[in-house]
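In case you want the letters, here they are:
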Amino acid sequence: MSRTNLVLSLSLAALAGGGLAGCAAQSMTGDDTGGDDGSGGGRPGMDTAVATLAGWSDAGFLDGDRQSNLFNNPTNVIYGPDDKLYVADFDNGKIRAVDMKGNSTTVIAKTGFARPFGLAFIGNTLYVGTDRDSQGNGGLNDLMSGTIWKVDVSAKTATPIAERIGRPRALAALSDGRLAVGDYEHHVIQILDPSSGVLTPLAGTWDAKGFADGVGGSAQFATPYAIVQRSDGKLVVTDYDNNRIRLVGLDGTVSTVAGSGGAGFADGAMSGAQLHNPQGLSKASNGDLYITDINNYRVRKISADFSSIQTIAGDGTPGYKDGDKTASEFYGLEGLSVKPDGSMVFVADGTRGENQPYNRIRVIKN
């Protein structure tokens, strides 16, 4: 499953951008009806438990209201302090902002800023991890090209603070102002000081993909993809290829809290829960955690007391369907973000880097 190949043709993106631009004058209240098959017509309403906030089946780059805007493989989202959703528009190489009515604007469109994924807010400052360096260089044979940027969302500026450090797709704000960084290609968790750009190892063995609980370098991960910090200071990590949820102390101690290692699907007590490539992760203010269980095509919730895991949306079928939570369908669902009060969960429902008609931002209403 490649996330580094741009496989969507330019002609399709151009057709989507031109053919749908005329929809911008339509109502953005979500009351228009019609299909979302790329053939025109109003986009689905937003009055269902699972709805489409922004985007369309076809890929493209176009700002505007939710009846017209276009994205190209959105891979991650984060709810900001200004009540806007910030989107890593991966194959467009941009950071976009979407308000709660689905209107989109572009925050970062910069030469050299390419393939954004990791997102974290510290106060009003957004930090972004990209797969490319500040010149836009990198690729399948250059796994050190990743860069972390400091983004001023008001000034719309992006400044690299740690360059060519690996592939930092997991970013999490820590309570002390530092960032936890998960490198999904090199299988380690590190701590970044944003003021100096210095990275300090925390847990995992560089380039040693595996599974082991332990302390520091004796622990092993297999594609750590997302991180959040609990109220007790410990880090929760989605360990993608191990099909597990791991817990990491700031002393480097690693333990496993969910998943059996084999891919599967089971809700219930954490001890018996099963996952299939857990990827995105976000925390509500009450401590509940939300996960994109990507190859189960579901969004799931870990209770704040870490006693159970349950499915909140998705029927396990890859596709696109709004409506009831249990009957809804998702496809890309790589990253997600929960509104602090837990009332809404936002999902970046992109293409997985494949030539597929999924380029939307979805919302689940709790």
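Residues numbered from 1 in each chain as written. Predicted model: local features only at pLDDT ≥ 70, side-chain atom pairs only at ≥ 80, totals over all residues. Heavy atoms only, no water.

So, the overall build of the protein chain
When helices and strands are counted, the protein chain shows one helix and 26 strands. Expressed as a percentage of the 366 residues in the protein chain, the buried residues total 59%. Put simply, of all contacts in the protein chain between residues at least 6 apart along the chain, 46% involve residues at least 24 apart. (Helix = DSSP H or I, 4+ residues; strand = E, 2+ residues; numbered from the N terminus. Buried < 20%, exposed > 50% of the residue type's maximum accessible area, 1.4 Å probe, protein only. Contact = heavy atoms within 4.5 Å.)

Considerations on the sheet that holds strand 16 (residues 235-239)
Taken together, the five strands give an open sheet; going across it, the order is 14-18-17-16-15, and neighbouring strands pair in antiparallel fashion. The open sheet has two edge strands, strand 14 (214-215) and strand 15 (224-229), and neither has a second partner. The pairing of strand 15 with strand 16 spans five bridges and is antiparallel. Residue pairing across strands places Ala226 opposite Thr238, the latter belonging to strand 16. (Pairing = 2+ DSSP bridges.)

Things to note about the packing of aromatic side chains
The geometry of an aromatic ring pair is captured by two quantities: the separation of the ring centres and the angle between the planes. Across all of its chains, the model carries nine aromatic pairs by this definition. On the numbers, 6.4 Å between centres and 85° between planes, the contact of Phe90 with Phe117 is edge-to-face. One end of the pair, Phe90, is in the loop between strand 3 (85-89) and strand 4 (94-98); the other, Phe117, is in strand 6 (residues 116-122), and 27 residues separate them in sequence. Like Phe90, the residue Phe117 is buried in the burial classification. Aromatic pair Tyr331 and Tyr358: ring centres 4.3 Å apart, planes at 15°, arrangement stacked. Here Tyr331 is found in the loop between strand 23 (308-313) and strand 24 (335-338), whereas its partner Tyr358 is found in the loop between strand 25 (344-349) and strand 26 (359-365), with 27 residues between them in sequence. On the basis of relative accessible area, Tyr331 is assigned to the buried category, the value being 10%. The class of Tyr358 is buried, set by a relative accessible area of 13%. Taken together, the ring pairs in this structure connect Phe90, Phe117, Tyr184, Tyr225 and Tyr240 into an aromatic cluster. (Phe/Tyr/Trp six-rings, centres within 6.5 Å; stacked < 30°, edge-to-face > 60°.)

Considering the pattern of salt bridges
Tallying each qualifying case throughout the model produces 16 salt bridges. Residue Asp142 is joined to Arg164 by a salt bridge in which the shortest nitrogen-to-oxygen separation is 2.8 Å. With a gap of 22 residues between them, Asp142 in the loop between strand 7 (125-130) and strand 8 (147-152) and Arg164 in the loop between strand 9 (157-163) and strand 10 (168-173) connect regions that are remote in the sequence. Under the relative-accessibility criterion, Arg164 is labelled partly exposed at 36%. Among the ionic pairs, Glu329 bridges to Lys321, the shortest N-O distance being 3.8 Å. For Glu329, a relative accessible area of 13% corresponds to the buried category. With relative accessibility at 37%, the residue Lys321 sits in the partly exposed group. Beyond isolated ion pairs, a larger network of salt bridges with shared partners links Asp63, Asp89 and Arg96. (Salt bridge = Lys/Arg side-chain N within 4 Å of Asp/Glu carboxyl O.)

Things to note about the sheet that holds strand 25
In spatial order, the strands read 1-26-25-24; together these four strands make up an open sheet with antiparallel pairing. Two strands close off the open sheet at either side, each with one partner strand: strand 1 (50-56) and strand 24. If you compare each strand with its neighbour and ignore which way they point, the axes differ by 20° on average. In this structure, strand 1 lies alongside strand 26, joined through six bridges in antiparallel fashion. The partner of Ala51 across the bridge, within strand 26, is Val363. (Axes fitted to C-alpha atoms, helices over the stretch in contact; angles between N-to-C directions.)

Quick notes on the environment of Val188
Looking at the secondary structure, you find Val188 in strand 12 (residues 188-193). Distance from Val188 to Pro201, taken between C-alpha atoms, is 7.7 Å for residues 13 residues apart in sequence.

Re the confidence of the model for the protein chain
Mean pLDDT over the protein chain: 90, with 89% of residues reaching 70 or higher. In this model residues 1-40 is a low-confidence stretch, pLDDT under 50, and it forms 91 contacts with partners more than four residues away in sequence or in other chains. (pLDDT = per-residue confidence, 0-100.)

Focus: unusual backbone geometry
Of note, the phi angle at Thr223 is positive, near 70°, even though the residue is not glycine. Relative to the helices and strands, Thr223 resides in the loop between strand 14 and strand 15. Despite not being glycine, Tyr297 shows a phi value in the positive range, around 55°. Judged by its relative accessible area of 15%, Tyr297 is buried.

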